[in-house]
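# Working through the structure, step by step
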Amino acid sequence: MALSEWQVVFLNGGYVLEEKDINGNITKDPVLANVPKTNLQMVVLINQWSASGAEVVAGALQDVGRAKLIGETTFGTGTVLVTYALSDGSALSLGIQEWLTPSGHTIWHTGLTPDTVVSLPTSVTLLFPQAEKGLSQAQIQSSGDQQLLDAISSFP
């Protein structure tokens, strides 16, 4: 699974996720051992628009204590979809499996709950890495992006 190949850089072992089929059978997706690892401290910002693969990555990092999640509860996708082409040119996507975190927590319809809940008013302009690059510490502090500011302050 391509997701494991990307995410495995942040996990030293164990499992990336579990996949549960309609019969309740669970397949564990292991972390690849032959990929360079990093032990950098991490905080992951999540919100209601964090979905699918982003939830899998965040859930795995949270489960093993590798990263703290800050923000709002995620979307709650957590399903494996397979698309079937139909004869009229349309397609049908069916959920065939459910993604679970490595500890077996359900993502579908519930989302992930952050370790630290931080909501943002709709009027706040979020700071993204490309915008932050040219900002001073004072400008970042006065941005109003409380999720980012909480993430920054969580590092010793």
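Here, the structure is the one placed above.
Residues numbered from 1 in each chain as written. Predicted model: local features only at pLDDT ≥ 70, side-chain atom pairs only at ≥ 80, totals over all residues. Heavy atoms only, no water.

This part is about the environment of isoleucine 96. Counting through the fold element by element, isoleucine 96 comes out in strand E6 (residues 91-100). For isoleucine 96, a relative accessible area of 38% puts it in the partly exposed group. Residues isoleucine 96 and tyrosine 84, spaced twelve residues apart in sequence, show a C-alpha to C-alpha distance of 12 Å. Other than its neighbours up to four places away in sequence, isoleucine 96 contacts Asp21, Ile22, Val80 and Val82. (Helix = DSSP H or I, 4+ residues; strand = E, 2+ residues; numbered from the N terminus. Buried < 20%, exposed > 50% of the residue type's maximum accessible area, 1.4 Å probe, protein only. Contact = heavy atoms within 4.5 Å.)

Moving on: the environment of valine 82. One can find valine 82 in strand E5 (residues 79-85). Taking relative accessible area as the criterion, valine 82 reaches 24% and is therefore assigned partly exposed. Taking the C-alpha atoms as reference points, valine 82 and glycine 71, separated by eleven residues in sequence, lie 30 Å from one another. In contact with valine 82, not counting residues within four places along its chain, are Leu92, Ser93, Leu94 and Ile96.

Here we take up the pairing of E6. Where strand E1 (residues 15-21) lies against E6, four bridges are found, and the strand directions are antiparallel. Opposite aspartate 21, over in E6, you have glutamine 97 as the bridge partner. Inspection of the sheet shows E5 paired to E6 by seven bridges, in the antiparallel sense. Bridging from a neighbouring strand, threonine 79 pairs with glutamate 98 of E6. The loop that links E5 with its antiparallel partner E6 comprises five residues; one of these, glycine 89, has a positive phi angle of about 95°. (Pairing = 2+ DSSP bridges.)

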